[in-house]
Amino acid sequence: MSAVLFFIAAAGVIAGAVGVVVLRDPFYCVLALVAHLLSLAVLFLLLRAEFVAAVQVLVYAGAVMVLYVFVVAYVGGEGDRSEIGQLGERLGGAGPVASGLRLGGAVLGGALLVELLIALLGTGLEAIGGKGAPYSPGPHAFGTPAYVGELLLTRFLVVFEVASFLLLIAAVGAVVLARRRRGLGGQDEREVLTPLDLLRPRDTGTMAEGVGKHS
Amino acid sequence: MTIAWYLALSAIVFVLGAVGVITRRNPLVILLCLELMLNGANLALIAFARMWGNGDGQILALVVMTVAACEVCIGLGMIVAIYRRRLPIDVDELRELQG
């Protein structure tokens, strides 16, 4: 039973990955990645990682992919045309550059795959051939939310806090990167009159006066 | 299924992501292929955690997911910024770092 489920999920994983690499339209690439992530969650369940599988479906295939879909819909028109137009002609065409690029990518990928398989499977470790450690189901069994939560709040507390800070920094950075910038075009430089300007006397040492702007 | 099958599958997914990063030119698709590579690493981590019956690999996989979310956040912010500047969304034409 688990073997059948493994092969079905593995086929989904590989098909999704190939779809991401091959498909032209970025929107279809995102959908292929969603299928890939859902199949991967099945594999995580087979490996007794229940909490990680749930996080994968909820956070990854849910939230992060929604972000992708929004950006593809926002950028989409221009991205599609450049992707299908000039890039499609160059990469999908029969020119020497395009075929050389594809051949180079395939050769490099094949070499990397052979090396990885030798490194992973050729080690001679006996545990790789086994089915894993003994497992007994229960409320605090391996991989359940209780188990992972206890590890996160005891042994890996520092990791947990650092990850939360990393998320905060990334959120602030994304807002800073994607905000509308003033002053690049030059026509947005006009002063904005705020209600405080009417109440406040001149030369009170505000930061606007410090940089030479008198309101 | 033995652990070796999962490791072979993780290697295949990683290589597919690497090939995508090398050959594609749309930064959005390159980010997606980076996700593929991270997912291959995640699958290997969880397979090893199952192999030893130890939860450390699962914690590391969760941290990798967090880092991937941060990377997506910053990368998509940069793509939106590029789009606002009316620059082409193609990594071959964005070869200058200066604004």
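Attention in this report is confined to the structure presented alongside it. The model shown is predicted, which means the values in this text are computed figures rather than measured ones. (Residues numbered from 1 in each chain as written. Chains lettered and ligands numbered in written order. Predicted model: local features only at pLDDT ≥ 70, side-chain atom pairs only at ≥ 80, totals over all residues.)

## Re the overall build of chain A
Then step 1. Assigned secondary structure in chain A consists of eight helices and zero strands.
Then step 2. The order of α-helices and β-strands along chain A, N terminus first, is α-α-α-α-α-α-α-α.
Then step 3. The burial tally for chain A puts 21% of its 215 residues in the buried class.
Then step 4. Restricting the contact set of chain A to residue pairs at least 6 apart, pairs at least 24 apart contribute 46%. (Helix = DSSP H or I, 4+ residues; strand = E, 2+ residues; numbered from the N terminus. Buried ≥ 20, exposed ≤ 12 C-beta atoms within 10 Å, placed from the backbone. Contact = placed C-beta atoms within 7 Å.)

## Some details on the interface of chain A and chain B
Then step 1. Contacts between the two partners involve 70 residues from chain A, matched on the other side by 62 residues from chain B.
Then step 2. Sorting the residues of the side of chain A that touches chain B by element identifies helix 1 (2-22), helix 2 (26-46), helix 3 (50-92), helix 4 (96-121), helix 5 (145-153) and helix 6 (157-178) of chain A as the ones contributing at least two each.
Then step 3. Of all the elements, helix 3 of chain A adds the most residues to the side of chain A that touches chain B, at 15 residues.
Then step 4. The residue inventory of the side of chain A that touches chain B, partitioned by class, reads 55 nonpolar, 10 polar and five charged. (Nonpolar A, V, L, I, M, F, W, Y, C, P; charged D, E, K, R; others polar.)

## Considerations on the environment of F14 of chain B
Then step 1. Note on placement: F14 of chain B falls in helix 1 (residues 3-23).
Then step 2. The exposure class of F14 of chain B is buried, given the 23 C-beta atoms found within 10 Å.
Then step 3. Along the sequence, F14 of chain B and L43 of chain B sit 29 residues apart, while their C-alpha atoms lie 9.8 Å from each other.
Then step 4. Excluding residues that lie within four positions of it along the chain, F14 of chain B makes contacts with L116 of chain A together with M37, G40 and A41 of chain B.

## A word on the packing of helix 1 of chain A against helix 1 of chain B
Then step 1. Two numbers describe how helix 1 of chain A lies on helix 1 of chain B: the axes approach to 9 Å, and their chain directions differ by 10°. Relative to helix 1 of chain B, the element helix 1 of chain A lies roughly parallel. Between helix 1 of chain A and helix 1 of chain B, the residues in contact are F6, A10, V13, I14, A17, V18, V20 and V21 of chain A and W5, L9, I12, V13, L16, G17, V19 and G20 of chain B, respectively.
Then step 2. Across the contact of helix 1 of chain A with helix 1 of chain B, the residue classes tally to 14 nonpolar, two polar and no charged. (Axes fitted to C-alpha atoms, helices over the stretch in contact; angles between N-to-C directions. Parallel < 35°, antiparallel > 145°, perpendicular 65-115°, else oblique.)

## With respect to the nonpolar core
Then step 1. Among the nonpolar cores identified, the biggest contains 69 residues, and L32, I46 and A47 of chain B are the most heavily contacted of them.
Then step 2. At the level of elements, helix 1, helix 2 and helix 3 of chain A together with helix 1, helix 2 (27-52) and helix 3 (56-84) of chain B are the ones that each hand at least two residues to this core.
Then step 3. No other element matches the 15 residues that helix 2 of chain B contributes to this core.
Then step 4. Those residues in contact with A47 of chain B that sit more than four places away from it in its chain are L47 of chain A together with I3, Y6, L7 and S10 of chain B. (Core = buried A, V, L, I, M, F, W, Y, C linked by C-beta atoms within 7 Å.)

## Side note on the environment of L94 of chain B
Residue and element names in this part refer to chain B.
Then step 1. Considering the arrangement of structural elements, one finds L94 in the segment after helix 3.
Then step 2. For L94, a count of 14 C-beta atoms within 10 Å corresponds to the partly exposed category.
Then step 3. Expressed as a C-alpha distance, the spacing of L94 and I82, which sit 12 residues apart in the sequence, is 9.4 Å.

## Regarding the packing of helix 6 of chain A against helix 3 of chain B
Helix-helix packing is described using two parameters, namely the angle between the two axes and the distance between the axes.
Then step 1. Packing of helix 6 of chain A against helix 3 of chain B brings their axes to within 8 Å, and their N-to-C directions diverge by 10°. Relative to helix 3 of chain B, helix 6 of chain A is oriented roughly parallel. On helix 3 of chain B, the residues touching V159, A163, L166, L167, A170, A171, G173, A174, L177 and A178 of chain A of helix 6 of chain A are I59, V63, T66, V67, A69, C70, C73, I74, G77, M78, V80 and A81 of chain B.

## Here we look at helix 2 of chain B
Count 3.6 residues to each turn of an α-helix, and residues three or four apart come out pointing the same way.
Then step 1. Along its 26 residues, helix 2 of chain B runs 38 Å from first to last C-alpha, staying within 8% of the 38 Å computed at 1.5 Å per residue.
Then step 2. Summarising burial for helix 2 of chain B: 21 of the 26 residues are buried, a large majority. (Expected span 1.5 Å × (residues − 1).)

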